[in-house]
Amino acid sequence: MSAQPSVSATQWRERAAALKPRSGVFIDGRFVPSACGASFDNINPATGRSLGAIAAGDTLDIERAVASARAAFRRGSWAHQEPRARKRVLLKFAELILANKDELALLETLDTGKPIGDSLAAIHGARTTSKKEKHRSARRLARGFATRFDQPRYAAADRSRAS
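Below you will find a few notes about this structure. Here the structure is a predicted model, which is why all the values come from computation and not from measurement. (Residues numbered from 1 in each chain as written. Predicted model: local features only at pLDDT ≥ 70, side-chain atom pairs only at ≥ 80, totals over all residues. Heavy atoms only, no water.)

### Brief notes about unusual backbone geometry
Of note, D28 is a non-glycine position whose phi angle comes to about 60°, a positive value. Among the structural elements, D28 can be located in the loop between strand 1 (25-27) and strand 2 (30-32). (Helix = DSSP H or I, 4+ residues; strand = E, 2+ residues; numbered from the N terminus.)

Given below as structure tokens:
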């Protein structure tokens with residue numbers, strides 16, 4: 001494992017100043033304005049400064065998100081995929097998290113006020129180092145999704161909640 005060059009406090013501050021967090025509600029795979037158009041300031045608890053305006057979702061936004069999630073569930077594109085295909089998706093997701101770890105850690109630090117080292121450690125602690133372990137983790141995740149949500153009790157529960 002190669003050593004990663006360390007980032008100075010000045011560089012972290014420069015990166016923080018350059019960040020432009022998205023502000024919409026995330027529905028149906030994209031960021032959209034909230035239905036009511038309202039927003040609130042996201043305050044960095046360490047500095048008391050605003051990180052920017054965030055869309056204030058309301059009941060209509062929740063209903064849109066739930067409808068989108070139910071439609072995706074009913075399409076069954078995840079449930080009907082072969083385990084190998086699910087594994088590829090989960091491994092790609094893990095790769096993207098690691099490829100964007102600095103930005104994700106910085107966003108977490110700015111949002112919660114915790115030290116950047118703690119945010120980076122949380123991402124590094126969640127990763128797996130060996131290819132064998134990555135495959136084993138992806139296999140467990142894929143199997144868990146397949147067995148948990150394909151069982152009749154979940155399907156029946158979902159049907160009973162459907163509008």
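There is more to say after this.
### A word on the packing of aromatic side chains
Enumeration over the complete set of coordinates arrives at one aromatic pair. A cation over a ring is seen here: R15 above W12, with NZ or CZ 5.1 Å from the ring centre. (Phe/Tyr/Trp six-rings, centres within 6.5 Å; stacked < 30°, edge-to-face > 60°. Lys NZ or Arg CZ within 6 Å of the ring centre and 35° of its normal.)

### Concerning the layout of surface pockets
Taken as a whole, the largest pocket encloses approximately 930 Å³ of empty space. Lining the largest pocket are 30 residues, and of these L19, P21, L106, L107 and L110 sit closest to its centre. Of all the secondary-structure elements, those providing two or more residues to the lining of the largest pocket are helix 1 (9-18), strand 4 (50-55) and helix 4 (101-112). Looking at the lining of the largest pocket element by element, the count peaks at seven residues for helix 4. Residue composition of the lining of the largest pocket, by class: 16 nonpolar, seven polar and seven charged. (1 Å grid on protein atoms, 1.4 Å probe; cavity = no way out; pocket = protein on both sides within 12 Å on 5 of 7 lines; lining within 4 Å. Points joined across faces, edges and corners; volume = space filled by probe spheres on them. Nonpolar A, V, L, I, M, F, W, Y, C, P; charged D, E, K, R; others polar.)

### Overview of the side chain of N44
Topologically, N44 is positioned in the loop between strand 3 (39-43) and strand 4. Excluding residues that lie within four positions of it along the chain, N44 makes contacts with R49, L51, L110 and G113. (Contact = heavy atoms within 4.5 Å.)

### Considerations on the environment of A121
Within the fold, A121 resides in helix 5 (residues 116-126). Taking the C-alpha atoms as reference, A121 lies 8.7 Å from A105; in sequence the two are 16 residues apart.

### What to know about the pattern of salt bridges
Throughout the structure, instances matching the rule amount to four salt bridges. For R30, the salt bridge is made with D28, and the minimal N-O distance between the two is 3.8 Å. Owing to a relative accessible area of 47%, R30 belongs among the partly exposed residues under this scheme. Its salt-bridge partner being K114, residue E108 comes within 3.9 Å of it at the nearest N-O pair. Classification of E108 as partly exposed rests on a relative accessible area of 33%. (Salt bridge = Lys/Arg side-chain N within 4 Å of Asp/Glu carboxyl O. Buried < 20%, exposed > 50% of the residue type's maximum accessible area, 1.4 Å probe, protein only.)

### As for helix 2 (residues 59-75)
Here helix 2 is 17 residues long and its end C-alpha atoms lie 24 Å apart, about the 24 Å a rise of 1.5 Å per residue gives. All of the buried residues along helix 2 are D61, S68 and R70. Looking at where helix 2 begins, the residue whose side-chain oxygen comes 3.2 Å from the main-chain nitrogen of L60 is D58. Positive phi appears at G76, one or two residues downstream of helix 2, with a value of about 70°. (Expected span 1.5 Å × (residues − 1). Polar contact = N/O pair within 3.5 Å; in protein donor to acceptor, adjacent residues only side chain to side chain.)

### Considering the nonpolar core
In terms of nonpolar packing, the biggest core is built from seven residues, these being W12, L19, A105, L106, L110, L120 and I123. Taken together, the elements giving at least two residues each to this core come down to helix 4 and helix 5. Element by element, the count of residues in this core is highest for helix 4, at three residues. (Core = buried A, V, L, I, M, F, W, Y, C linked by side-chain atoms within 4.5 Å.)

### Structural notes on the packing of helix 1 against helix 4
Look at helix 1 against helix 4: their axes get within 11 Å of each other, and the N-to-C directions meet at 80°. By the angle class used here, helix 1 and helix 4 are roughly perpendicular. Residues W12, R15 and A16 of helix 1 pack against D102, L106 and L110 of helix 4. In the contact of helix 1 with helix 4, the residues fall into four nonpolar, no polar and two charged. (Axes fitted to C-alpha atoms, helices over the stretch in contact; angles between N-to-C directions. Parallel < 35°, antiparallel > 145°, perpendicular 65-115°, else oblique.)

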